[in-house]
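What the coordinates show
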Amino acid sequence: MAEISLTASMRSNLLSLQNTQDLMDMTQERLSTGKKVNSAIDNPSSYYTAQSLTNRASDLNALLDSMGQGIQTIQAANEGIETITTFVQQAKAVANSAFDNALKINVPKVDLSAVAKGNDVDTADTLTFTITKISDGSAAVGSPKTVAVATDNTTWEAAKTEITNAFNTPVEGIKSVRFNGDELVVEAADGYRVSVVGAGKFDVEGLKTGDTPAGAEENLTRTELQEQFNEILRQIDLVAKDSGYKGVNLLQENDLTVVFNEDRSSDLFIEGVDASSGPDGLKIARVTDWQNNDNVEKSITETENAINTLRSMASTFGNNYSIVQNREDFTENLINVLEEGADKLTLADMNEESANMLALQTRQQLAINSLSLASQAAQSVLSLFN
């Protein structure tokens, strides 16, 4: 195609018009996108810096979800602790009720006056004490205990002293053995029953049957309270088991790590605990013998210790909850800072761009008019042919 020749003025006006159109295209893009930097071509430094800030904000925004789930996991554990604390307080109340429901103690007195009226006693004369637990009938340690007179022809008074001295060393299930005149008084410990069998000269009226019970009869109210106590402990274990969130249960020794930044260099490790009633958790033992006051007192002490342990757990989880929540708030604010910084590098001033568009439109119209004037010289040649 042959080159078309334009006058200098027309070419100058054409270039000006083309430049104006380029500026209008750029301004229109900014107005339509709202950004003054839409690609690396517009401003490489601002574009890549803004992209870096936007990418970090996006990464942190993804971590916000993780923080939120971490908060929910801690809240689930805290709800479990509050419920378990209520159960432990209930268990303590049951134990106190059992302690207040006293055992009825039966202290038998065996009349041995027939022996006192007889001759001296000897080594063939014995008393056998059989000691059993009221709760299950099992034998106490050291039962049966047989007491024999040490030498032949011992006087009755000496024999009584030997019998009582035989219990100077504590015997499980027997609180005391003493004489009241010629009466043998046997007092069993709480939760135990004692029977006495005599042989030789001690086989007298009142001992021939071989069944002289001592101690307390089974307290049915305590037995019922014992069952209630154990059921509460079962519910504690169930609550601890059910306090998980999305597969993580801080009350079943599951650990949790909450990440706070994009390169995982900032995090919080939350160690799980055992909130069950077992020996590795709250250390509240199932009870099998509340007929013994010592065992009831032990259960009360265990529940008191468990309440202190639960309070410590709640304090630790509460502190972790505050940390994660504060970091979540900080991350949200940081995301806003990053996005605002990226916007300052890329966003266009819409007022300025609108003014630019108006000016360019005026410039374009002037350039068109100028181009028209520049072409008038060429158009006058046509008049020669008319």
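Residues numbered from 1 in each chain as written. Predicted model: local features only at pLDDT ≥ 70, side-chain atom pairs only at ≥ 80, totals over all residues. Heavy atoms only, no water.

Here's the deal with the environment of Val 37
Formally: Counting from the N terminus, the helices are DSSP H or I runs at least four residues long and the strands are E runs at least two residues long.
Mapped onto the elements of the fold, Val 37 is located in the loop between α1 (8–33) and α2 (44–100). Along the chain, Val 37 and Ala 50 lie 13 residues apart, while their C-alpha atoms are 9.5 Å from each other.

Notes on unusual backbone geometry
Going by this rule: We call a residue buried when its accessible area falls under 20% of the maximum for its residue type, exposed when it is over 50%, and partly exposed in between, using a 1.4 Å probe and counting protein chains only.
Following Ser 143, the chain continues into Pro 144 via a peptide bond in cis, with omega recorded as -5 degrees. Along the chain, Pro 144 falls in the loop between β3 (126–133) and β4 (145–148). Within the chain, Lys 246 stands out as a residue other than glycine whose phi angle is a positive 55 degrees. Judged by its relative accessible area of 66%, Lys 246 falls in the exposed class. Residues other than glycine seldom take positive phi values, yet Glu 253 does so here, at roughly 65 degrees. By secondary structure assignment, the location of Glu 253 is in the loop between α5 (220–241) and β9 (256–259).

Brief notes about the sheet that holds strand β5 (residues 174–180)
Short version of the rule: In this description, strands pair whenever DSSP reports at least two bridges between them. Here an axis means a line fitted to C-alpha atoms, over the contact stretch when the element is a helix, while the angle between two N-to-C directions is reported on a 0 to 180 degree scale.
Across the sheet, which stays open at both edges, the 3 strands sit in the order β2-β6-β5 with antiparallel pairing between neighbours. Both outer strands of the open sheet, β2 (109–111) and β5, are each paired with one neighbouring strand and no more. With direction set aside, neighbouring strand axes in the sheet form an average angle of 20 degrees. As paired elements, β5 and strand β6 (residues 183–188) share 6 bridges and run antiparallel to each other. The partner of Ile 174 across the bridge, within β6, is Ala 188.

Remarks on the packing of aromatic side chains
For any two aromatic rings, the description comes down to two numbers: the centre-to-centre distance and the angle of the planes. Convention followed: Only Phe, Tyr and Trp rings are paired, with Trp represented by its six-membered ring, and only when their centres lie within 6.5 Å; those with planes under 30 degrees apart are stacked, over 60 edge-to-face, the remainder tilted.
This structure, assessed with the given rule, holds 4 aromatic pairs. Where Trp 156 meets Phe 179, the ring centres are 5.9 Å apart and the plane angle is 85 degrees; that geometry is what we call edge-to-face. Pair noted here: Trp 156 is in helix α4 (residues 156–165) and Phe 179 is in strand β5, with a separation of 23 residues, a long-range link. Ring plane angle 55 degrees and centroid distance 5.0 Å describe the contact between Phe 229 and Trp 290, whose orientation is recorded as tilted.

Brief notes about the pairing of β3
Note: β3 against β4, 4 bridges, orientation antiparallel. In the sheet register, Thr 128 faces β4, and the bridge partner there is Thr 146. Relative to strand β7 (residues 192–199), β3 is paired through 8 bridges, and the arrangement is antiparallel. Opposite Lys 133, over in β7, you have Tyr 192 as the bridge partner.

Brief notes about the nonpolar core
Put simply, the rule is: To define a nonpolar core, start from buried Ala, Val, Leu, Ile, Met, Phe, Trp, Tyr and Cys residues and group those joined through side-chain atoms within 4.5 Å. Whether two residues are in contact is decided by their heavy atoms, any of which lying within 4.5 Å being enough.
Ile 84, Val 88, Phe 229, Leu 282 and Trp 290 are the most contacted members of the largest nonpolar core, which has 47 residues in total. Only α2, α5, β9, β10 (267–270) and α6 (293–346) provide two or more residues apiece to this core. Considering each element in turn, this core owes the most residues, 16 residues, to α2. Residues contacting Val 88, with those up to four places away along its chain left out, are Ile 236, Leu 282, Ile 284, Thr 303, Ala 306, Ile 307 and Leu 310. With 25 residues, the next largest nonpolar core counts Phe 167, Ile 174, Ala 188 and Val 194 among its residues.

Considerations on the pattern of salt bridges
The following threshold applies: Here, a salt bridge means any Lys or Arg side-chain nitrogen found within 4 Å of an Asp or Glu carboxyl oxygen.
Under the counting rule described, the total for this entry stands at 9 salt bridges. As a salt-bridge pair, Lys 160 and Asp 182 come within 3.5 Å of each other at their nearest N and O atoms. On the criterion of sequence distance, the pair formed by Lys 160 in helix α4 and Asp 182 in the loop between β5 and β6 is long-range, its members being 22 residues apart. Accessibility expressed as a relative area gives 26% for Asp 182, which makes it partly exposed. Arg 286 is the salt-bridge partner of Asp 237, the closest N and O atoms lying 3.0 Å from each other. Within this pair, whereas Asp 237 is found in helix α5, its partner Arg 286 is found in the loop between β10 and α6, the two being separated by 49 residues in sequence. According to the relative accessible area criterion, Asp 237 is partly exposed, its value standing at 23%.

Examining the packing of α2 against α5
A packed helix pair is summarised by two numbers, namely the angle formed by the two axes and the spacing between the axes. The condition that has to hold: Angles below 35 degrees are treated as roughly parallel, those above 145 as roughly antiparallel, those between 65 and 115 as roughly perpendicular, and all remaining angles as oblique. Under the grouping applied here, Gly and all other residues not named as nonpolar or charged are polar, the nonpolar ones being Ala, Val, Leu, Ile, Met, Phe, Trp, Tyr, Cys and Pro and the charged ones Asp, Glu, Lys and Arg.
Contact pair α2 / α5: the axes reach a minimum separation of 9 Å and the direction vectors enclose 170 degrees. Comparing the axis directions of α2 and α5 gives the class roughly antiparallel. On α5, the residues that touch Gly 80, Thr 83, Ile 84, Phe 87, Val 88, Gln 90, Ala 91, Val 94, Ala 95, Ser 97, Ala 98 and Phe 99 of α2 are Arg 222, Leu 225, Gln 228, Phe 229, Ile 232, Gln 235, Ile 236, Val 239 and Ala 240. Grouping the amino acids of the contact of α2 with α5 by side-chain chemistry returns 14 nonpolar, 6 polar and 1 charged.

Considerations on the environment of Val 287
With respect to the element layout, Val 287 can be found in the loop between β10 and α6. Expressed as a C-alpha distance, the spacing of Val 287 and Asn 230, which sit 57 residues apart in the sequence, is 6.8 Å. Among residues more than four places away in sequence, those in contact with Val 287 are Gln 226, Phe 229, Asn 230 and Ser 299.

Observations regarding the side chain of Ser 143
For clarity, the cut-off: For the purposes of these results, a polar contact is taken to be a pair of N or O atoms within 3.5 Å, where, inside protein, one atom must be able to donate a hydrogen and its partner to accept one; residues adjacent in sequence count only when each atom of the pair is a side-chain atom.
With respect to the helices, strands and loops of the structure, Ser 143 is situated in the loop between β3 and β4. Taking the relative accessible area as the measure of exposure, Ser 143 reaches 17% and is therefore buried. Among the polar contacts listed, one links the side chain of Ser 143 to the backbone nitrogen of Ile 131, at a separation of 2.8 Å. Excluding its chain neighbours within four sequence positions, the residues that come into contact with Ser 143 are Phe 129, Thr 130 and Ile 131.

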